Amino acid sequence: MKMLIVDDEIQIRTGLQEGINWKSLGLDEVYIADSGVTALQLFKQYNPEIIITDIRMPRMDGLALIKSVRDLSSSCKFIILSGYSEFEYAKEALQYGVIDYELKPVNIQRLLNLVKKAIETIEKEKSQITWYHEYWSERLVRDIVNNTFTETPNMLAMLALSIKWKPGIPLRICYLQADVVLGDVLTHHPERIQQLLDTEAHRIPSMVHRLSPRDYMLIMNSDNRTFELEKWWKQVQAVLLEHCHISITIGISNEDGIAHLPKLYEQALQAIQLRLYGGPRAMYYYYEVPDRKEVRSRTYTPPEDELSRGFHEPSFASLQSCIDREFDALSQERNRLVGEVRRICRQYAWIAEQEMKRMTVVSIRPNHAEWNRDHSLEQIESIDGFRSYVLQLYRIAYEQVQNGQPLPNMKGVTKAISYMHDHFHDISVKEVAAYIQQSPNYFSHKFKQEMGISYTAFLNRIRIEEASRQLQAKTTAALYEISWNVGFRDYKYFTQLFKKQKGVSPSEYQRKGLGHPDI
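Criteria and thresholds
Residues numbered from 1 in each chain as written. Predicted model: local features only at pLDDT ≥ 70, side-chain atom pairs only at ≥ 80, totals over all residues. Heavy atoms only, no water. Helix = DSSP H or I, 4+ residues; strand = E, 2+ residues; numbered from the N terminus. Buried < 20%, exposed > 50% of the residue type's maximum accessible area, 1.4 Å probe, protein only. Contact = heavy atoms within 4.5 Å. Areas by Shrake-Rupley, 256 points an atom, 1.4 Å probe, with all protein chains shown as cover. Pairing = 2+ DSSP bridges. Axes fitted to C-alpha atoms, helices over the stretch in contact; angles between N-to-C directions. Right-handed = clockwise from strand over helix to strand, strands pointing away. Polar contact = N/O pair within 3.5 Å; in protein donor to acceptor, adjacent residues only side chain to side chain. Phe/Tyr/Trp six-rings, centres within 6.5 Å; stacked < 30°, edge-to-face > 60°. Lys NZ or Arg CZ within 6 Å of the ring centre and 35° of its normal. Expected span 1.5 Å × (residues − 1). Arc of directions from axis to C-beta. pLDDT = per-residue confidence, 0-100.

### Thoughts on the overall build of the protein
- Within the protein, the regular secondary structure consists of 24 helices and 10 strands.
- Among the 519 residues that make up the protein, the fraction classed as buried is 50%.
- Pairs at least 24 apart in sequence give 67% of the contacts found in the protein among residues at least 6 apart.
- Carbon and sulfur atoms provide 49% of the accessible area of the protein, an area that totals close to 25,800 Å².

### A closer look at unusual backbone geometry
- Cis geometry marks the peptide bond from Ile204 to Pro205; its omega dihedral reads 0°.
- A positive phi angle is found at Arg59, which is not glycine, with a value near 70°.
- Looking at where Arg59 falls in the secondary structure, it is placed in the loop between β3 (50–54) and α3 (62–72).
- Overall, Arg59 belongs to the exposed group, its relative accessible area being 68%.
- The backbone phi angle of Gln437 is positive, close to 60°, even though this residue is not glycine.
- For Gln437, the location among the structural elements is in the loop between α19 (429–435) and α20 (440–451).
- For Gln437, a relative accessible area of 75% gives the class exposed.

### A word on the environment of His260
- Examined against the element boundaries, His260 turns out to sit in the loop between β9 (248–252) and α10 (261–272).
- Judged by its relative accessible area of 35%, His260 is partly exposed.
- With 113 residues separating them along the chain, His260 and Asn147 place their C-alpha atoms 9.7 Å apart.

### Looking at the pairing of β3
- Burial of β3 is extensive: 5 of the 5 residues sit out of reach of the surface.
- Both strand β1 (residues 2–6) and β3 contribute to a ladder of 4 bridges, which runs parallel. Bridging across to β3, Leu4 finds its partner in Ile51.
- Strand direction decides the pairing type here: β3 and strand β4 (residues 77–82), joined by 5 bridges, are parallel.

### Concerning the sheet that holds strand β8 (residues 215–221)
- Sheet architecture is open: 5 strands sit in the order β7-β8-β6-β9-β10, paired in mixed fashion. Each edge of the open sheet is held by one strand with a lone partner, namely β7 (206–210) and β10 (283–285). Taking each pair of neighbouring strands and ignoring which way they run, the sheet shows an average axis angle of 20°.
- Note that β9 and β10 share 3 bridges and pair parallel. Following the sheet pairing, Ile252 is matched in β10 by Tyr285.
- Against the sheet, helix α9 (residues 229–244) makes contact with β6 (171–178), β8, β9 and β10, and its axis sits at roughly 155° relative to β9, the strand it touches most.
- Contacting β6, β8, β9 and β10, α10 crosses the sheet at an angle of about 40° to β6.

### Brief notes about the pairing of strand β2 (residues 29–33)
- Here β1 runs beside β2; their pairing, made up of 5 bridges, is parallel. What sits directly across from Val6, in β2, is Ala33.
- Taken together, β1, helix α1 (residues 10–18) and β2 form a β-α-β motif whose crossover is right-handed.

### Observations regarding the side chain of Glu355
- You can see Glu355 is positioned in helix α15 (residues 338–357).
- We classify Glu355 as buried; its relative accessible area is 4%.
- Within the structure, the side chain of Glu355 is placed 3.4 Å from the side chain of Ser308, a separation counted as a polar contact.
- Setting aside residues up to four positions removed in sequence, Glu355 forms contacts with Ser308, Phe311, His312 and Val401.

### A few points about the packing of aromatic side chains
- Within this structure, the stated rule accounts for 18 aromatic pairs.
- The interplanar angle of 40° and the centroid separation of 6.1 Å between the aromatic rings of Tyr491 and Phe494 together place this pair among those described as tilted. In this pair, Tyr491 and Phe494 both sit in helix α23 (residues 491–502), 3 residues apart, roughly one turn of the helix.
- When its relative accessible area of 1% is taken as the criterion, Phe494 is described as buried.
- Here Phe498 and Tyr509 contribute two aromatic rings whose centre-to-centre distance is 5.3 Å and whose plane-to-plane angle is 80°, an arrangement assigned as edge-to-face. Here the residue Phe498 occupies a position in helix α23, and Tyr509 occupies one in helix α24 (residues 506–514), the gap between them amounting to 11 residues. Tyr509 carries the same exposure label as Phe498, and that label is buried.
- Counting every residue linked through ring pairs, the aromatic cluster contains Phe488, Tyr491, Tyr493, Phe494, Phe498 and Tyr509.
- In this arrangement the basic side chain of Arg463 is found over the ring face of Phe488, its NZ or CZ atom lying 5.7 Å from the centre.
- The side chain of Arg489 reaches across the aromatic face of Trp484, ending 4.0 Å from its centre.

### Examining helix α8 (residues 190–201)
- End to end, α8 covers 16 Å across 12 residues, agreeing with the expected 16 Å (1.5 Å per residue, within 8%).
- Within α8, the full set of buried residues consists of Pro190, Ile193, Gln194, Leu196, Leu197, Glu200 and Ala201. Relative to the axis of α8, the buried residues are bounded by an arc of 165° and lie together on one face.

### Remarks on the confidence of the model for the protein
- When the pLDDT values of the protein are averaged, the result is 82; 86% of them are 70 or greater.
- A low-confidence stretch, residues 360–373 (pLDDT under 50), is modelled with 32 contacts involving residues beyond four sequence positions or located in other chains.
- Residue range residues 514–519 is modelled with pLDDT below 50. Its contacts to residues more than four positions away, or to other chains, number 14 contacts.

Next up, the structure:
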């Protein structure tokens, strides 16, 4: 808390500043001024909560100072120093919310009591403001989510106070969702995450509300046209990764008036669904969401006959080609939701299960929990993760049909692949093994046994595919930046691996896809 002492007598102002231990009262900064003019300048610069001022001063007296400060702030508290002959001035000042006055010569103990009274009043008002803000902000979020929002004076006042909103200024809503993380960071440290988000939100200005341990809503003032949302978002990611070891994906609505807040919330929800195609740790705008009317009118059906025939081919290549083709088509559509793709994956699992049941040598229970009810399916959030999930199921099923062997336990590898797709940019085999509660050596052996490829080779394939996606996108990022973003710390190794997998160098791949020159 800060205080300003104003008096044209140097002995009084310096004596009060230096002769009292103000820090013991919680006053960290105490400034002095010799006139009302100087005091007004200091108030604008430092915004002190308490002002002790003399009445009679040159250029601008204490009463004029109080009037001028009151035009700038309704919360500043005043204490007047007055002589007997200036009592009428002191009485007039009381109408401007002055705490009290102290007659000269100053009695230090009485002055201290007045300052303590001012501090108690400030703290009480702050507590009331905090309660007021928390109540109305929680109600605002509830009304937006439930689509029951109506404009009320209290709601508008809270927005004006929290995010500097004024009538006519557009608003925007962002839906923030933490990406899948290792351990219990989200449930054990929600206050820390909220604190970090609150700090960053004030830069916009905006307000953040926790909807669940993983989900947050951000309501932002869109009046500041110079504000760079993407630059701010990179700062948020850096802070959360450094302090909480989590990343967050964001869905961003359009701009609109205050009456449309529920609609903006729905737009932000739809925007974040694009993570299915673009992956986690990114920003998605509502204007990128395609029209879903056509999708609602039709149901996806896997090519069951082609898949059934593939189980009896001499190699797994035909099944892989079919699945890749179908998921490439789903990826290009970009208009299905995560829940829909999960249901499609269960359809694929059912087809494979039926094919295995036809093999009398295979013993498998219907609705096997590790087969089509695997909890890891609920943790997958990207189209590539779902593709890998189905490919893994079919690779295992194909081996069972070909060899007539019992179904192995594939739950651990499925969870591992899902985790790898969500954290490929910075991950180790030790971390993945810990996630599925296996030792690194056992996990590496089991992974290669079930997938027919080593953990490192599979992870690099995921990273190269992500690099390919970024190279095809309209990005100005340099090639070494893309290399770093997808997890390669050695750019030369990245280019060698990319060329081996894609047949061309990264720069050639980018140039052929978009016509960009080498970077």
